[in-house]
Amino acid sequence: QVQLVESGGGLVQAGGSLRLSCAASGIIISINAMGWYRQCPGKQRELVAMLNSDGSTNYADAVKGRFTISRDNAKNTVYLQMNSLKPEDTAVYYCAANIHSPPFARREYWGQGTQVTVSS
């Protein structure tokens, strides 16, 4: 069974940086897109950044120029480098990946979430 395990969240002051990691494990045939979402209390989960298998990326407007998504295919791991953090970046961050793992066809998998808190 596929698992996504996130790490790297925590408490940081405004203007600081954090790096999130998400490693996929299990019987994995292939991984298509991998990315990050976040959810603030009382709000819907929103896309932060996505890295597609062709190398193309998508970023939320709110994080463009501050966050960078990258991927280590050999380790089935995706990273999110977050710089110039703002209090409004405070949220639970979730890793998501589109993975082909038998006996299933491609489907979305989610991590358990990691808390990021930015103090002013």
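Residues numbered from 1 in each chain as written. Predicted model: local features only at pLDDT ≥ 70, side-chain atom pairs only at ≥ 80, totals over all residues. Heavy atoms only, no water.

S.K.: Kindly report on the state of the cysteines, identifying the contributing residues and their values.
M.R.: Summed over all chains, the structure comprises one disulfide. Disulfide pairing is shown between C22 and C95; the S-S distance is 2.1 Å. Disulfide C22 to C95: torsion about the S-S bond roughly -80°, handedness left-handed. Taken as a pair, C22 in strand β3 (residues 18-25) and C95 in strand β9 (residues 91-100) lie far apart in primary sequence, 73 residues in all. Take C40: it sits in no disulfide, and the sulfur closest to it among the cysteines is that of C95, at 18 Å. By relative accessible area, which is 17% here, C40 ends up buried. (Disulfide = S-S within 2.5 Å. Helix = DSSP H or I, 4+ residues; strand = E, 2+ residues; numbered from the N terminus. Buried < 20%, exposed > 50% of the residue type's maximum accessible area, 1.4 Å probe, protein only.)

S.K.: Which residues make up the packing of aromatic side chains, and what values do they have?
M.R.: Working definition: an aromatic ring pair is given by the centre-to-centre distance plus the angle between the planes. Per the stated rule, a full pass over the model turns up one aromatic pair. Consider the rings of Y37 and W110, whose centres lie 5.0 Å apart with planes at 55°: the pair is tilted. Note that Y37 is positioned in strand β4 (residues 30-39) and W110 in strand β10 (residues 107-110), a separation of 73 residues in sequence. Y37 sits in the partly exposed class, given a relative accessible area of 22%. Note on W110: relative accessible area 38%, which makes it partly exposed. The ring of Y94 has R45 sitting right over it, with the charged end atom 3.7 Å from the ring centre. One Lys or Arg, R107, reaches over the ring of Y109 and ends 4.0 Å from the middle of that ring. (Phe/Tyr/Trp six-rings, centres within 6.5 Å; stacked < 30°, edge-to-face > 60°. Lys NZ or Arg CZ within 6 Å of the ring centre and 35° of its normal.)

S.K.: Residues and numbers for the pattern of salt bridges, please.
M.R.: Applying the stated rule across the entire model yields four salt bridges. Here D61 ties to K64 by a salt bridge, and the two come within 3.1 Å at their closest N and O atoms. Connected via shared salt-bridge partners are R38, E46, R66 and D89. (Salt bridge = Lys/Arg side-chain N within 4 Å of Asp/Glu carboxyl O.)

S.K.: So what's going on with the environment of E6? Which residues, and what values?
M.R.: Residue position: E6 is located in strand β1 (residues 3-7). On the basis of relative accessibility, which here comes to 6%, the residue E6 falls in the buried class. Residues E6 and G113, 107 residues apart in the sequence, show an inter-C-alpha distance of 6.7 Å. Filtering out sequence-adjacent residues up to four positions away, E6 remains in contact with S21, C22, W36, Y93, Y94, C95, G111, Q112, G113 and T114. Polar side-chain contacts of E6 include one of 2.6 Å to the backbone nitrogen of C95. (Contact = heavy atoms within 4.5 Å. Polar contact = N/O pair within 3.5 Å; in protein donor to acceptor, adjacent residues only side chain to side chain.)

S.K.: Could you give an account of the pairing of strand β7 (residues 67-72), with specific residues and numbers?
M.R.: Looking along a regular strand, one sees the side chains alternate between the two faces of the sheet. Judged from the six bridges that link them, β7 and strand β8 (residues 77-82) form a sheet pairing that is antiparallel. Looking at the pairing, R71 lines up with V78 of β8. Between the antiparallel neighbours β7 and β8 lie four residues, among them N76 with a positive phi of about 50°. (Pairing = 2+ DSSP bridges.)

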